Amino acid sequence: MSRRVVVALLGPVTWTPPGIEPARWRTALAEDVVDLLATLNEVETAVAVAAPDRWLADAVVWPGTPVYEVPEPTPNAVFAALAAAGYDQVAVVAADAPDVPGLTLGKLLRPLTTRPVAVAPVEGGGTGLLGVAARLPVPAWLPALDLDTTAPAEVRRAAPSPGDVAVTAGWRRMRGPADLAALDPAVEGWEATRALLSGRPV
């Protein structure tokens, strides 16, 4: 049976709501994504972070959650680290999507039974990916990926055939006022982000 893992990549956050300290905002977002990963079934979970941001991982991980320090906060660096750890399939997700449904993350891994790579786009404005999944070892044609700037079409163009890359359901990331306005208070989850936005201690 394949060893599968979903990894929250605690990369830089490009936008912070006015009046909120950036480190607290980043911590709240990461905490909500890590909490969501803990609810996923039939997969292992982990966190990846560049060494200067190890403090953030230590602040949000659950006891026993593996933390991988990577040379740079990119999916490619995470794939390399997890291949060395013996995994067969890895999904890397951005840590600034606090209300993403677990089902959306699960759909990233599903296509890997027949395709080597899957990507989930960012919904709403802007470029980038919510996440990317790959069978390990990753194919040689996989380009350098940046969750903030890489578009699904770029990954498909790099593949020998566009069909080698599955495009799965997307979700928004918190990268501007419009994304913040789309948070639904009636939806469960995103507790740390919700608490911070309401002015309560996180």
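This one's a predicted model, so the numbers in the text were calculated from it and none came from an experiment.

Draft legend 1. Representation of helix 1 (residues 22–37) within the structure. With 16 residues, helix 1 ought to run about 22 Å at 1.5 Å a step, and its terminal C-alpha atoms sit 23 Å apart, in line with that. Taken together, the buried positions of helix 1 are W25, R26, T27, A28, L29, A30, D32, V33, V34, L36 and L37. The N-cap of helix 1, judged by a side-chain oxygen 3.1 Å from the amide nitrogen of A23 a few residues on, is E21.

Draft legend 2. The arrangement of the packing of aromatic side chains in detail. Under the defined criterion, the tally for this structure stands at one aromatic pair. An angle of 90° between the planes, with centres 6.3 Å apart, marks the rings of W15 and W25 as edge-to-face. Highlighted residues: W15 in the loop between strand 1 (4–9) and helix 1 and W25 in helix 1, separated in sequence by 10 residues. Looking at W25, the relative accessible area reads 0%, which means it is buried. It is R3 that lies over the ring of Y87; its NZ or CZ is 4.0 Å from the centre. The side chain of R194 reaches across the aromatic face of W190, ending 4.1 Å from its centre.

Draft legend 3. Summary view of the pattern of salt bridges. Enumeration according to the criterion identifies nine salt bridges in this entry. A salt bridge links D96 to R173; the nearest nitrogen and oxygen atoms lie 2.7 Å apart. Of the two residues, D96 is situated in the loop between strand 4 (89–94) and helix 4 (102–109) and R173 in the loop between strand 7 (165–167) and helix 6 (177–181); the sequence distance between them amounts to 77 residues. By relative accessible area, which is 3% here, D96 ends up buried. A salt bridge links D148 to R175; the shortest N-O distance between them is 3.9 Å.

Thresholds applied
- Residues numbered from 1 in each chain as written.
- Predicted model: local features only at pLDDT ≥ 70, side-chain atom pairs only at ≥ 80, totals over all residues.
- Heavy atoms only, no water.
- Helix = DSSP H or I, 4+ residues; strand = E, 2+ residues; numbered from the N terminus.
- Expected span 1.5 Å × (residues − 1).
- Buried < 20%, exposed > 50% of the residue type's maximum accessible area, 1.4 Å probe, protein only.
- Polar contact = N/O pair within 3.5 Å; in protein donor to acceptor, adjacent residues only side chain to side chain.
- Phe/Tyr/Trp six-rings, centres within 6.5 Å; stacked < 30°, edge-to-face > 60°.
- Lys NZ or Arg CZ within 6 Å of the ring centre and 35° of its normal.
- Salt bridge = Lys/Arg side-chain N within 4 Å of Asp/Glu carboxyl O.

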